[in-house]
Amino acid sequence: MATLLGPESPWKGGNKITRNRNILTRIRQSQIAGRGFSRGTQLPAALLQERDKSARWHGIPVLLQELYGSSHLNSDFIRTRSVLKELSSLLSMEAMSFVTEDRKTAQEATFPNTYTFDLFGGVDLLVEILMRPTLTSMKKNKMNDDLVKDCLSVLYNCCICTEGVTKSLAARDDFVFFLFTLMTNKKIFLQTATLIEDILGVKKEMIHLDGIPNLPGLVQSFDQQQLANFCRILSVTISEPDVGNDDKHTLLAKNAQQKRDSGPSRAEHNQVTLLNIPGFIERLCKLATRKVSEATGVSNFLQELEEWYTWLDNALVLDALVQMATDGVDQSSTESSDESTLATVPLRHRLPQSMKIVNEIMHKVEVLYVLCVLLMGRQRNQVHKMLAEFRLIPGLNSLFDKLIWRKYTASNHVVHSQNESCDCSPEISFKIQFLRLLQSFSDHHENKYLLLNSQELNELSAISLKANIPEVEALVNTDRSLVCDGKKGLLTRLLAVMKREPPDSSFRFWQARAVESFLRGATSYADQMFLLKRGLLEHILFCIIDSGCRSRDVLQSYFDLLGELLKFNVDAFKRFNKYVNTEEKFQVFLSQINSSLVDSNMLLRCIVLSLDRFENLAEDVRVVEVLSECFLLSFMARVENRLSFLFRLINIINVQTLTQENVSCLNTSLVMLMLARRRGKLAFYLRALREKEHAEKYPGCLLNNFHQLLCFWQRHYLNKDKDSTCLENSSCIPFSYWKETVSVLLGEDRTSLWAVASYIDEPYMELGGALLED
């Protein structure tokens, strides 16, 4: 203390403002020096009391000194908890104002009590108090659960008000892993989980889950509700950074990042760690599919709950309310029961039951998210096998009408990506996460047929038999004991609610994506006809042409779905022509396509591919008929229209702006040129592009851009087996022909009729590879 309060102490003279500033300066210096919680204890209590009123510290520094003095290991902690209660009351008011008023960020608001508490070492002191028992084997005078809970609550309040506190805690790996050990205690589970979630949300580096002491034992100690809440924490540890902005990051940047990152990422490592925990996936499947008792007439209350959920934005907070409200009520009612169980429940317990419904929905959101991320990871086949074995899809099918889509929910929210933060209500979040899961489950996987029931599988077989085509191998190999039960499968139920959605509902985007994923991959005539017989094509055309829908996201998803329905299917084109039966309707349809080629190019690709196949089947009467009658096919058969689309597709992208969303424009351009090459017309198309750019007064601009795009394509796709397989399956063009065509187009021989460089005049020739080398 002599160094701080010696004869030359700057705090002995000067006015009050100067002295207060000097105190704060010295405290900050000690903070920088790493003195931690002790910095507040180094000052005499008399000095702190003297300066307290003018500095408006509200007694916090003195209380911290008392807290430090009363919290040693041999203490009975009675005074410790009393002091902590006083401090908590000063801090909780600021935290509550932050949550309930304007939701201002910590940078926009000031919280003097929280700032003073942290400045005088309060945060460091609480961390030290919590972790002190780990430094000794003494069991005497062990801290009770209430004291631990109070410490955690104060730390959480500080994190709410000051992001710097959260970041400083996140930087301490020892403390982060220590918090996980506290989760074994059910009495403090909620407080611990809430604090961990906040800390991991700002942590610069993702933690390694296998660094958590005895993680398998910890997970197995959780009851189902705790496990659901634990999924909130897991979601941060298994999601790749920036997944939420996936479409907004350029492929150039992503490829560069992948070169820098060798081996599995931390997220992938954590996914493997979870999959190795015995029974983990099985318990998640049970959580996702367990039933919830639902009282008659709670829908109005649910709407009210969703309104004030805007400030109760944490499932853990609602858990605490439910826990308090349901004292004396049988907790097992959420595991499996039906609607009639509430008939004998007293009126005073109706409120807690309806809260449990929302709580259960929020839990399922977290569980479905974790399952969805695992389905998209490197262990996808292993996860698929387990989800099928534990009957996830039949379980969700049984919940569809009673819980998932039990009532209409308005959804005018913005469409979010997979890992993007969302402030939607629990009901909306639940539906979106459910649809994301279906999309991930069906996409390019043979288990997609589990979305049907036995009768619907028989219908697919009958369609193949009638068309005299072999059944798809995946359909034949489907285990009938694992498919949906009941009169309708999950896919059929989804189609029914899809048709009832309002035109601009953002649910339409996710619904269309989920249905499209069922069709993606190798084209199946039986799958297409199954959906066509249920009126899906007419519904899509109504939404595009007649509904007045203006949502870009919804239109893009419907264009993609329409393309998969039409591809190579004569019956689908006949249905299209029956609906689009006037020039006026066709022009509206064309206008929607032309409004954004980035959104509609996949549909264009399917039309061009289908036209090419149909033109090779001139002996088929049905094909000849549809070629002569269909507005769409007749329009695309005119070479000037195809060239117009090709020019625009190449012109709207460049290497610097390529993303996962718009790279499809490049591939659609390549499809057009590959089909032209097959018919010996590649040179004609390249000449037409040259003439077009000269007519536009930009000689060399388009073809130089295309040359660079082709160079990028080679580097991007030749090392990606999954992406190349998708290109091959979706186009029915061998990937070897894709590679060969790109090599021909990039030929260096300027006398070649098939090399892009041959059509760029020497003065306008650019070094297309320079950008990629950079």
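Calculation notes
Residues numbered from 1 in each chain as written. Predicted model: local features only at pLDDT ≥ 70, side-chain atom pairs only at ≥ 80, totals over all residues. Heavy atoms only, no water. Helix = DSSP H or I, 4+ residues; strand = E, 2+ residues; numbered from the N terminus. Buried < 20%, exposed > 50% of the residue type's maximum accessible area, 1.4 Å probe, protein only. Contact = heavy atoms within 4.5 Å. Areas by Shrake-Rupley, 256 points an atom, 1.4 Å probe, with all protein chains shown as cover. Phe/Tyr/Trp six-rings, centres within 6.5 Å; stacked < 30°, edge-to-face > 60°. Lys NZ or Arg CZ within 6 Å of the ring centre and 35° of its normal. Salt bridge = Lys/Arg side-chain N within 4 Å of Asp/Glu carboxyl O. Axes fitted to C-alpha atoms, helices over the stretch in contact; angles between N-to-C directions. Parallel < 35°, antiparallel > 145°, perpendicular 65-115°, else oblique. Nonpolar A, V, L, I, M, F, W, Y, C, P; charged D, E, K, R; others polar. pLDDT = per-residue confidence, 0-100.

Enquirer: What exactly am I supposed to notice about the overall build of the protein here?
Expert: Along the protein, the regular secondary structure elements total 41 helices and 0 strands. With 774 residues in all, the protein has 54% of them scored as buried. Taking the intrachain contacts of the protein between residues at least 6 apart in sequence as the baseline, contacts between residues at least 24 apart amount to 78%. Accessible area of the protein: about 34,700 Å², with a carbon and sulfur share of 52%.

Enquirer: What is the right way to look at the packing of aromatic side chains in this model?
Expert: Aromatic ring pairs are reported here in terms of the distance separating the ring centres and the angle at which the planes meet. If you walk through the whole model with that rule in mind, you get 18 aromatic pairs. Centroid distance phenylalanine 180 to phenylalanine 230: 6.4 Å. Interplanar angle 90 degrees. Geometry classified as edge-to-face. Of this pair, phenylalanine 180 sits in helix α10 (residues 173-182) while phenylalanine 230 sits in helix α13 (residues 224-238), and the two are 50 residues apart along the sequence. Ring geometry for phenylalanine 222 against phenylalanine 230: centres 5.1 Å apart, planes inclined by 55 degrees, an arrangement best described as tilted. By the burial criterion, phenylalanine 222 is buried, and phenylalanine 230 matches it. Positioned above the aromatic ring of phenylalanine 518, the side-chain terminus of lysine 448 is 4.9 Å from the ring centre. Above the plane of the ring of tyrosine 579 lies lysine 585, whose end atom (NZ or CZ) is 4.2 Å from the centre.

Enquirer: Explain the pattern of salt bridges here, please?
Expert: When their charged atoms lie close together, side chains carrying opposite charge are able to pair. One pass over the full model with this rule turns up 36 salt bridges. Close ionic contact of aspartate 146 with arginine 81 constitutes a salt bridge, the shortest N to O distance being 3.7 Å. A residue pair is termed long-range when its members are at least 10 positions apart, and aspartate 146 in helix α8 (residues 145-161) and arginine 81 in helix α5 (residues 78-100) qualify at 65 residues. Since its relative accessible area comes to 36%, aspartate 146 is described here as partly exposed. A residue is classified by how much of its surface remains accessible, and arginine 81, at 26% relative accessible area, is partly exposed. The closest approach of N and O atoms between arginine 513 and glutamate 516, which form a salt bridge, is 3.0 Å. Linking arginine 513 with glutamate 516, this pair stays in helix α26 (residues 507-519), spanning 3 residues, or about one helical turn. Its relative accessible area of 6% is what places glutamate 516 among the buried residues. It is possible to trace a salt-bridge network through shared partners that takes in Arg81, Lys85, Asp146 and Asp150.

Enquirer: Hey, could you run me through unusual backbone geometry in this one?
Expert: Backbone phi values are negative for most residues with the exception of glycine, while trans is the configuration of most peptide bonds. In this structure, arginine 391 is a non-glycine residue whose phi angle is positive, near 55 degrees. Within the secondary structure, arginine 391 sits in the loop between α20 (380-389) and α21 (392-404). Despite not being glycine, phenylalanine 568 shows a phi value in the positive range, around 65 degrees. Within the element layout of this structure, phenylalanine 568 appears in the loop between α29 (552-566) and α30 (570-579).

Enquirer: What should I look at first to understand α20 in this one?
Expert: One turn of an α-helix holds 3.6 residues; hence residues three or four places apart share an orientation. Taken together, the buried positions of α20 are occupied by Arg380, Val383, His384, Met386, Leu387 and Ala388. Positive phi appears at arginine 391, one or two residues downstream of α20, with a value of about 55 degrees.

Enquirer: How should I be thinking about the packing of helix α9 (residues 163-170) against helix α11 (residues 189-202) in this particular structure?
Expert: Angle between the axes and distance between the axes are the two parameters that describe a pair of packed helices. In contact at an axis separation of 8 Å, α9 and α11 are set at 90 degrees when each is read in the N-to-C sense. For the element pair α9 / α11, the angle class is roughly perpendicular. Within the contact between the two elements, α9 uses Glu163, Thr166, Lys167, Leu169 and Ala170 and α11 uses Asp198, Ile199 and Val202. Residue composition of the contact of α9 with α11, by class: 4 nonpolar, 1 polar and 3 charged.

Enquirer: I keep staring at the confidence of the model for the protein and nothing clicks. Help me out?
Expert: Low pLDDT marks stretches whose predicted atomic positions should not be read closely. Considering every residue of the protein, the mean pLDDT works out to 82; 77% of them sit at 70 or more. Highest mean pLDDT in the protein belongs to helix α27 (residues 525-532) (98); lowest belongs to helix α1 (residues 2-5) (32). The low-confidence segment residues 26-38, where pLDDT is below 50, has 25 contacts with residues more than four positions distant or belonging to other chains.

Enquirer: Whenever I open this one, the side chain of serine 610 confuses me. Can you help?
Expert: With respect to the secondary-structure elements, serine 610 resides in helix α32 (residues 597-615). The residues contacting serine 610, other than those within four sequence positions of it, are Leu566, Lys567, Phe568 and Phe573.

Enquirer: Help me understand the environment of tryptophan 510 in this model?
Expert: With respect to the helices and strands, tryptophan 510 occurs in helix α26. A relative accessible area of 7% means that tryptophan 510 is categorised as buried. Residues tryptophan 510 and phenylalanine 434, spaced 76 residues apart in sequence, show a C-alpha to C-alpha distance of 9.3 Å.

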